[in-house]
Amino acid sequence: MKKILSMFLFSASFALTANAQVAEVTFDTDDYAAVGVYDAWENSPFRKGLLPGNAAVIDNPYTEVDEILGKAPNPTAKVLAVQRSRYGSNQFGARIDLKTPFSLKPQTQYVHVLVHRPVEGRVMLMGLGKHREPEWATQSPEVEQFWAISLTSVKPNQWTDAVFAIKGVSGVDIHSLVLVPECESPHDRTEDFIAYIDQIIVNNSSSPMVQYGEYPTNFDKETAKATRTDRGIRTIALQNVKTLTITSSPSTSDPLYRDRMDVTFPVKPGQSVKPAFGYKGTWMCGYLYVDYGKDGKFSYDINSDGTPATGSDIVSYSAYENKNSIGQSLSNNNTLNMPNFTIPANTPTGFYRMRFKIDWNEIDPAGSTTIQADGGGVVDVRLNVHADNVSVMEDNRNGEILNTDGTSIAGEKPFGQAFTIKLRPENGFAYNGVRVRHGYNLTGDSLSHGTPQYVDEIVYSKDFDENDCYTIPAEWVDGDIMLEGLFVEKGTEITYDYILNIDENATLSRTDRHLDAVTMAGKSVLISNDKKVYHQDMTQTFLVAPGEEVTPLFNYTGNWMHGYVYIDKGQDGVFDVGTISNTGIIGENSDVMTFSFWSGDNTNGQNGYNSKGVNLTGAARNVIDPPAFTIPDLADGFYRIRFKADWNEIDPAGNVTTSNHIVSNGGGIADFRLRVYSGSEVSLRVENAEGGSLKAVGGGALPATIPYNSPLNVVVETNEGYTFEKLQVKHGDLEANPIVVHSVPQQMTTTFSSDELYEGTIVLPAEVIDGDVLLTAVFTGSGVVGIEEVSTGQATTEPSGAYDLQGRKIKLDTQLPKGIYIVNGRKIVKS
């Protein structure tokens, strides 16, 4: 289990400038007037004097040094301890009388209180005070002037800054604060607990004093959105290295924080680089940080002349307090011109987290309190400090990985250049593919404080050529490489039946978004609303012809989703993405047929194209129905077709990124059969069975050929003494061998029961005539004809009882099936 880091952003001694302190209580000195308990409940035993309550300033029991930070989150000597009594209400808490009252304002102020308690949840703060105007002179200073629930949830057994937003009318002074350590009702509580309180600060900053997490921000990374469209980050770059497009058109749906750990910027030790921003707007500043220490935080110490201090992680900034990162004085801070910086020559090779930030005059990598309102933003990427060559290693059993000339692959390869490998299994073995691990520290943890150090790629055997060779792409040669051949005994090789990135039984985690139906080529298929993400029904077949243009439609509950359609053209059990340009143009080697939006792996969904090459940005990205496409020139047969509702993910197996996971995002995948047929007629054969026959309308024989994809009327003639039971229709490619190709049936049998017989005729729907047809009728009975009159030798007496046609006596009080019976000497027909 990886340890979650904590960062202590500021303490009571922190010098606040723009966020000046209004009041402060540390408990380390006599900076408070008194402490005790308070309960807003009028009948509380603590108000009636029945219970005294326990609250006292004690030595801080939780001053442990964090093993990674190297210091304690709350190192102060004294704290206030309070017993949360189960006899108090949910407004019972610790009362702190202030030596110096502070005033409420119509504008929002923030009260910060460090809280340590054994349970998780929010806490409450009450302010007791009075109006200071002369006409309020008789008012008690214990009037409750505000109640506020904490903006942050207190985590169990760790110091948490419970931030409270407060405001009120002018002229009210707060004389006491009451921290309620548990807002929930105490009715179910069987024992009390102790809560600890420290570092009470009142200021105009909502940023928590203590933040837990790696590389924190002063806003919620997951939920914070941009609030304006006239400002926003368009691109980030290290000039002459790489430029990453963030968005072409800023919108209020843009996230304030972007985690782009999929993007790397390659540099070499000693290289001088110039960072740059593309930004819509003015009067902002740019900042760049590199966590060279890989300790989960960005340090940002600077010297008095503005240059980064030794060991500081801030490497370049355009403006802060009228200076830039090379110490130049500025007339104002309105500049995004970032100075060059040099990668230290002794920097070890590896991946380092790098943060681009646009903000106003704020050097803190977590961002200013106004970064959202000002139109700023934060983007985290990886800096790849690399050498000229990378090391290639292999870890194999039951086979070898070689260069194409047969020599060992182990050795060095040039950084960023593709190379080809060849697999050679031992006798009696085959291969499923190869695992390619690329990056740094390949035998260690794949994450360093949330920053990927290496990535595992699986290349399947289907991607190797006829010479057992595969070319490792240049983008994978971004660090050291470990190759592991996936050698297996012959006969146990994997088959590729449409791999998913999720469990096929995974269920949606929400009810407001789901795929309901798909339509194409005149056929609609309803998707079962069983909360499953993946659906498969090979009895549903879309009938098309080569060269036919079709328009897929998605019936989807929700919005901001994209539609994708795939056809396994090679019938190899895999939907191959193949080549697709960043402008949406699909290559001939791709099984992707059409899509409504894809950003081409380069803009995180802010700017992309559909499969017709139409550029989509802003609200235009909210489109699920993809463009029409033309059925490829495929051989006649049955293929698997996949419809996928997903967000900005061309992978047919589904988006499994944290922010847009197909399960949590309400996506859907539905697989059906696609029948491609170039003809207009199919053959028809009939297997006549004893007991009846199958005829055409009018009584003639059924034809040997019939129109493809057209209904067929079949007349059922039943011989006397027999009952028609069912008609079995085998249809499709009747000569197929194998009958099932990678889980796609090439022929099927559809059964029509006697209940579907109407006036002697069964109508076969057009979708059943999807290939050659074989009809087999099933009849039951013996062919023995019943006797009109049964004689017992007594002419004046009719025989009694009931019999079937085999002469077996039956009970009339039973539920008889359809058929012919002899009852009291007469033949009757039960229908």
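For the structure, see preceding data.
None of the values given here were measured: they were computed from a predicted structure. (Residues numbered from 1 in each chain as written. Predicted model: local features only at pLDDT ≥ 70, side-chain atom pairs only at ≥ 80, totals over all residues. Heavy atoms only, no water.)

## A word on the overall build of the protein
In step 1: Within the protein one finds one helix and 59 strands.
In step 2: Looking at the protein residue by residue over its 831 residues, the buried ones come to 49%.
In step 3: Sequence separation of at least 24 residues holds for 72% of the intrachain contacts in the protein that already meet a minimum separation of 6.
In step 4: When the accessible surface of the protein is split by element, carbon and sulfur atoms take 47% of a total near 37600 Å². (Helix = DSSP H or I, 4+ residues; strand = E, 2+ residues; numbered from the N terminus. Buried < 20%, exposed > 50% of the residue type's maximum accessible area, 1.4 Å probe, protein only. Contact = heavy atoms within 4.5 Å. Areas by Shrake-Rupley, 256 points an atom, 1.4 Å probe, with all protein chains shown as cover.)

## Re unusual backbone geometry
In step 1: In the segment running from Asn737 into Pro738, the intervening peptide bond is cis, with an omega of 10°.
In step 2: With respect to the helices and strands, Pro738 occurs in the loop between strand S50 (722-732) and strand S51 (740-741).
In step 3: Its identity is not glycine, yet Tyr215 carries a phi of approximately 55°, on the positive side.
In step 4: Its identity as a non-glycine residue notwithstanding, Gln571 has a phi of 50°, on the positive side.
In step 5: You can see Gln571 is positioned in the loop between strand S39 (562-567) and strand S40 (592-595).

## Some details on the nonpolar core
One recurring pattern in soluble globular proteins is that nonpolar side chains are buried together.
In step 1: Counting residues in each nonpolar core, the largest one holds 31 residues, and the members touching the most others are Phe102, Val111, Phe164 and Ile200.
In step 2: Secondary-structure elements contributing two or more residues to this core are strand S2 (23-25), strand S5 (78-84), strand S6 (92-103), strand S7 (109-116), strand S9 (143-149), strand S10 (160-166), strand S11 (172-180) and strand S12 (193-203).
In step 3: The element best represented in this core is S12, accounting for five residues.
In step 4: Core analysis: the next-biggest nonpolar cluster, separate from the first, contains 27 residues, Val518, Val550, Phe554 and Leu634 among them. (Core = buried A, V, L, I, M, F, W, Y, C linked by side-chain atoms within 4.5 Å.)

## Quick look at the pattern of salt bridges
In step 1: In total, this model carries 29 salt bridges according to the counting rule given.
In step 2: The salt bridge involving Arg132 is made with Asp173; its shortest N-O contact spans 2.6 Å. You can see Arg132 sitting in the loop between strand S8 (124-131) and S9 and its partner Asp173 sitting in strand S11, a full 41 residues away along the chain.
In step 3: The exposure class of Arg132 is partly exposed, given its relative accessible area of 49%.
In step 4: A network of salt bridges, in which partner residues are shared, links Arg84, Glu182 and Arg189. (Salt bridge = Lys/Arg side-chain N within 4 Å of Asp/Glu carboxyl O.)

## So, the side chain of Asn648
In step 1: Looking at where Asn648 falls in the secondary structure, it is placed in the loop between strand S44 (637-646) and strand S45 (668-676).
In step 2: Look at Asn648 and you get buried, because its relative accessible area is 12%.

## Notes on the sheet that holds strand S14 (residues 232-238)
In step 1: Pairing in this open sheet of three strands is antiparallel, and the strands run S15-S14-S18 from one edge to the other. The sheet is open, and its two borders are formed by strand S15 (242-245) and strand S18 (275-280), each paired with just one other strand. Between one strand axis and the next, the sheet turns by 20° as a mean value, whatever way the strands run. (Pairing = 2+ DSSP bridges. Axes fitted to C-alpha atoms, helices over the stretch in contact; angles between N-to-C directions.)

## Structural notes on the pairing of S45
In step 1: Counting buried positions over the nine residues of S45 gives nine, a clear majority of the element.
In step 2: Pairing analysis gives seven bridges linking strand S36 (residues 534-544) to S45, with the strands arranged parallel. Residue His535 lies in a different strand from S45, and its bridge partner there is Ala670.
In step 3: With nine bridges connecting them, S44 and S45 associate as antiparallel partners.

## Some points on the pairing of S10
In step 1: Burial of S10 is extensive: six of the seven residues sit out of reach of the surface.
In step 2: As paired elements, S7 and S10 share seven bridges and run antiparallel to each other. Across the sheet, the residue bridging to Val111 is Phe164, located in S10.

## Observations concerning the packing of aromatic side chains
For any two aromatic rings, the description comes down to two numbers: the centre-to-centre distance and the angle of the planes.
In step 1: Counting across every chain of the model gives 25 aromatic pairs.
In step 2: Seen in terms of ring centroids, Tyr287 and Tyr317 are 6.1 Å apart; in terms of plane orientation they differ by 20°. Their pairing is stacked. Placement of the pair is Tyr287 in strand S19 (residues 285-290) and Tyr317 in strand S20 (residues 314-317), with a sequence separation of 30 residues.
In step 3: With relative accessibility at 0%, the residue Tyr287 sits in the buried group. (Phe/Tyr/Trp six-rings, centres within 6.5 Å; stacked < 30°, edge-to-face > 60°.)

## Here's the deal with the side chain of Arg640
In step 1: Mapped onto the elements of the fold, Arg640 is located in strand S44.
In step 2: On the accessibility criterion, Arg640 (1% relative accessible area) is buried.
In step 3: There is a polar contact of 2.8 Å between the side chain of Arg640 and the side chain of Asp671. (Polar contact = N/O pair within 3.5 Å; in protein donor to acceptor, adjacent residues only side chain to side chain.)

## Here we look at the sheet that holds strand S47 (residues 692-695)
In step 1: One open sheet holds the three strands; their spatial order is S47-S49-S54, and the pairing between them is antiparallel. Looking at which strands have only one partner, the edges of the open sheet turn out to be S47 and strand S54 (761-764). Strand-to-strand, the axes of this sheet are offset by a mean angle of 25°, without reference to chain direction.
In step 2: The pairing of strand S49 (residues 712-718) with S54 spans four bridges and is antiparallel. Across the sheet, Leu712 pairs through a bridge with Leu764, a residue of S54.

## Some details on a nonpolar patch on the surface
In step 1: A grouping of Leu50, Leu51 and Tyr87 is seen on the molecular surface, where their side chains present a nonpolar patch of about 320 Å² in accessible area.
In step 2: The residue Tyr87 is located in the loop between S5 and S6 in this model.
In step 3: For Tyr87, a relative accessible area of 48% corresponds to the partly exposed category. (Patch = residues over 30% accessible without salt bridge, like charges linked within 9 Å, V, L, I, M, F, W, Y side chains within 5 Å.)

## Overview of the environment of Ala704
In step 1: Position of Ala704 among the secondary structure elements: in the loop between S47 and strand S48 (705-707).
In step 2: It is 5.7 Å that separates the C-alpha atoms of Ala704 and Ser683, two residues lying 21 residues apart in sequence.
In step 3: With sequence-adjacent residues up to four places away left out, Ala704 is seen in contact with Val682, Ser683 and Leu684.

## Quick word on the environment of Arg122
In step 1: When you line up the elements, Arg122 lands in the loop between S7 and S8.
In step 2: Overall, the relative accessible area of 38% leaves Arg122 in the partly exposed class.
In step 3: Taking C-alpha positions, Arg122 is 7.8 Å from Leu151, a pair spaced 29 residues apart along the chain.

Without other data, these values stay purely geometric and don't point to any function.
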